Amino acid sequence: MAPREEPQRSEAVVPPTTPDTDRVDKIARCMAKDIVQCAIAKKNGQGIPASPDKYCSTMRRTVDEISSRHEILFKGMMARLVITPETCRRAFRNIADEIFVDGSRNWGRIVTLYAFGACLAQYWVERELENHMDEIADVIADYVEQNLNDWILKQQDHWDAFVEYFPEPNKLEDKMRKGLMWTAAFGLGALGILAAVR
């Protein structure tokens with residue numbers, strides 16, 4: 001009698017990736033790590049490392065702009081929400097979902113997402129949780145990959161469209177400020193409402 005063959009197990013089906021998808025994910029992850037590292041350096045009074053690329057440079061600039069204009073709101077949210085390493089992933093996802101609750105995606109709201117991550121990193125520095133900072137960068141990048149990737153891929157030139165939308169201040173400073181503040185306003189409003197009800 002021949003030995004009985006085990007049925008082959010099927011492996012999980014993973015959606016195919018494309019070079020564009022991989023590039024969008026890589027840039028999103030790089031920016032998340034960079035924003036967290038910059039937030040830590042600022043909070044500790046250290047020098048800011050050189051920006052690795054134009055995407056990180058643009059994200060730093062826009063996050064700084066929105067963070068400084070809405071510092072009180074971000075700090076108030078941190079105090080009310082009390083996000084810990086154990087609750088980070090779930091809490092961050094809930095907050096990010098509130099930013100995009102109406103289904104509208106735009107660069108200003110994406111900047112708000114990264115700005116919230118930077119604020120959370122500074123909050124954790126104050127609470128001596130620096131050994132958990134990779135979690136913040138991972139949560140930001142994972143959210144972008146899972147929820148915003150399709151929208152970013154539909155933009156002409158993907159992340160390059162983000163850089164063009166927020167040009168260097170010496171080129172079109174007024175355009176950037178107006179665009180950032182108006183497109184992020186809804187996201188911040190949603191965050192404020194979420195913090196107020198908790």
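Because the structure is predicted, anything quoted here is derived from the model rather than measured. (Residues numbered from 1 in each chain as written. Predicted model: local features only at pLDDT ≥ 70, side-chain atom pairs only at ≥ 80, totals over all residues. Heavy atoms only, no water.)

## Some details on the packing of aromatic side chains
Item 1. According to the stated counting rule, one finds eight aromatic pairs in the structure shown.
Item 2. Ring centres of F92 and F116 lie 5.7 Å apart, and the angle between their planes is 45°; on these two criteria the pair is classed as tilted. Here F116 lies in helix α5 (residues 107-126) and F92 lies in helix α4 (residues 88-99), a separation of 24 residues in the sequence.
Item 3. Note on W107 and W151: the rings are 4.8 Å apart at their centroids and 70° apart in plane angle, and the pair reads as edge-to-face. On the criterion of sequence distance, the pair formed by W107 in helix α5 and W151 in helix α6 (residues 133-154) is long-range, its members being 44 residues apart. (Phe/Tyr/Trp six-rings, centres within 6.5 Å; stacked < 30°, edge-to-face > 60°. Helix = DSSP H or I, 4+ residues; strand = E, 2+ residues; numbered from the N terminus.)

## A closer look at the pattern of salt bridges
Once their charged atoms are close, side chains differing in charge can pair, the charge on each being opposite to the other.
Item 1. For the coordinates displayed, the defined rule picks out 15 salt bridges.
Item 2. Linking R23 and D160 is a salt bridge whose minimum nitrogen-to-oxygen distance equals 3.9 Å. With a gap of 137 residues between them, R23 in helix α1 (residues 19-43) and D160 in helix α7 (residues 159-165) connect regions that are remote in the sequence.
Item 3. A relative accessible area of 17% means that D160 is categorised as buried.
Item 4. Where E135 meets R89, a salt bridge forms, and the shortest distance between an N and an O atom there is 3.6 Å. Separated by 46 residues along the polypeptide, E135 in helix α6 and R89 in helix α4 bring together distant segments of the chain.
Item 5. What makes R89 partly exposed here is its relative accessible area of 39%.
Item 6. Look at the salt bridges and you will find they share partners, linking R29, R89, E135, D138, D142 and E145 into a network. (Salt bridge = Lys/Arg side-chain N within 4 Å of Asp/Glu carboxyl O. Buried < 20%, exposed > 50% of the residue type's maximum accessible area, 1.4 Å probe, protein only.)

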